[in-house]
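# Structural characterization, general
One-letter residues, chain by chain:
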Amino acid sequence: MLTCTTAKGNRVIRVLSGRSNSYLIKMGLSNVLVDTGMEIYSGRLLKNLTSVNCKKLDYLILTHTHFDHCGSVNTVIREFGCKVIISRYEKDNAISGFTSIPDGTSFLSRIVASAGRKFEKIIGSYKPFTANVEVGEILDLSLYGLNIKIIHTPGHSEGSLTIIADNEIAIAGDTLFGIFKNSVMPPFANDKDLLIKSWKILIDSGCKRFLPGHGGEIERNLLIKQYNHWNYEKRESK
């Protein structure tokens, strides 16, 4: 499993990969899970948490409420009894058990998104849940003894969140995409311009490592290059 260690000795472990990523932050005696993946992978998630000696979870943080990131929330709650943190902008989605498919960011993905909307009530549905804590623009968990900040980085979805550990590692959900070589642009986003603005928020965070919701780790230099590229392209198109 991919493991990132901060200067303070805290670890971020990727405990689920493939269709989507889930990460465990081990900070002192506390354990924080970020995203759960799809429901069909709940068994693998629990097995992997056990393999890294995770016997308790203090918090489950969701980067956003698309089905492939929150499908196993109820399983995790039953297993650990942890508190769930989501964006206030997506709390109604969680309660209803449905989040709409976002728009495409390219010609091809726009076609896919358009076709997918015919079946989105099936594709985008998950078991409803209720959060314990809602995040507006920022939530600092240092109040609870954790050097973790949760910041609002919209664009992919209205309430997309990024989780920053020890001011070094940013778990960015689908604000970044780590599948395509030399690109961090996700294939789907509700607001592409807002997404690019959120990249600037990530750059300004000073983090050295960026962990996306899909694919591998993203280097800071690549994120900066991509921001400059897309920001320039946006200005030229006006």
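Higher on the page you've got the structure.
Residues numbered from 1 in each chain as written. Predicted model: local features only at pLDDT ≥ 70, side-chain atom pairs only at ≥ 80, totals over all residues. Heavy atoms only, no water.

### Considerations on the sheet that holds strand S13 (residues 218-219)
- With mixed pairing, the 6 strands of this open sheet are ordered in space as S8-S9-S10-S11-S12-S13. Single-partner strands in this sheet number two, and they are strand S8 (138-140) and S13. (Pairing = 2+ DSSP bridges. Helix = DSSP H or I, 4+ residues; strand = E, 2+ residues; numbered from the N terminus.)

### Focus on the environment of Asn167
- Relative to the assigned elements, Asn167 resides in the loop between strand S10 (161-165) and strand S11 (169-173).
- For the pair Asn167 and Ile148, spaced 19 residues apart in sequence, the C-alpha to C-alpha distance is 7.7 Å.
- Sequence-distant contacts of Asn167, defined by excluding residues within four places in its chain, comprise Asn147, Lys149, Gly206 and Cys207. (Contact = heavy atoms within 4.5 Å.)

### Side note on unusual backbone geometry
- Within the chain, Asp35 stands out as a residue other than glycine whose phi angle is a positive 70°.
- Structurally, Asp35 can be placed in the loop between strand S4 (30-34) and helix H1 (42-51).
- The buried category is assigned to Asp35, whose relative accessible area is 2%.
- In this structure, Asn53 is a non-glycine residue whose phi angle is positive, near 60°.
- Looking at where Asn53 falls in the secondary structure, it is placed in the loop between H1 and strand S5 (59-61). (Buried < 20%, exposed > 50% of the residue type's maximum accessible area, 1.4 Å probe, protein only.)

### What to know about the packing of H1 against helix H3 (residues 73-80)
- For the pair H1 and H3, the least separation of the axes is 10 Å and the interaxial angle reads 40°. Compared by their axis directions, H1 and H3 come out oblique. The chirality of how H1 crosses H3 is right-handed. Listed contacts from H3 to Ser42, Leu45, Leu46 and Leu49 of H1 are Thr75, Val76, Glu79 and Phe80.
- Split into classes, the residues belonging to the contact of H1 with H3 amount to 5 nonpolar, 2 polar and 1 charged. (Axes fitted to C-alpha atoms, helices over the stretch in contact; angles between N-to-C directions. Parallel < 35°, antiparallel > 145°, perpendicular 65-115°, else oblique. Left-handed = near helix turned anticlockwise from the far one by under 90°. Nonpolar A, V, L, I, M, F, W, Y, C, P; charged D, E, K, R; others polar.)

### A closer look at the environment of Asn132
- Within the secondary structure, Asn132 is located in the loop between helix H6 (120-123) and strand S7 (133-135).
- For the pair Asn132 and Ile86, spaced 46 residues apart in sequence, the C-alpha to C-alpha distance is 8.3 Å.
- In this view, Asn132 contacts Cys82, Lys83 and Val84; residues no more than four positions away in its chain are not counted.
- From its side chain, Asn132 meets the backbone nitrogen of Val84 in a polar contact 2.7 Å long. (Polar contact = N/O pair within 3.5 Å; in protein donor to acceptor, adjacent residues only side chain to side chain.)

### So, the pairing of strand S12 (residues 209-212)
- With 4 bridges joining them, S11 and S12 adopt parallel strand pairing. Across the sheet, Ile171 pairs through a bridge with Leu211, a residue of S12.
- Between the parallel pair S11 and S12, the chain is carried across by helix H7 (residues 192-204), and the sense of this crossover is right-handed.
- Taken together, S12 and the strand that follows it, S13, pair antiparallel across an intervening segment of 5 residues, in which Gly215 is found at a positive phi of about 90°. (Right-handed = clockwise from strand over helix to strand, strands pointing away.)

### Observations regarding the packing of aromatic side chains
- Within the structure shown, the criterion is met by 3 aromatic pairs.
- Note on Tyr126 and Phe129: the rings are 6.2 Å apart at their centroids and 40° apart in plane angle, and the pair reads as tilted. The pair formed by Tyr126 and Phe129 is uniform in burial state, with each residue classed as buried.
- Arranged with centres 5.5 Å apart and planes meeting at 35°, the rings of Phe177 and Phe180 form a pair that is tilted. (Phe/Tyr/Trp six-rings, centres within 6.5 Å; stacked < 30°, edge-to-face > 60°.)

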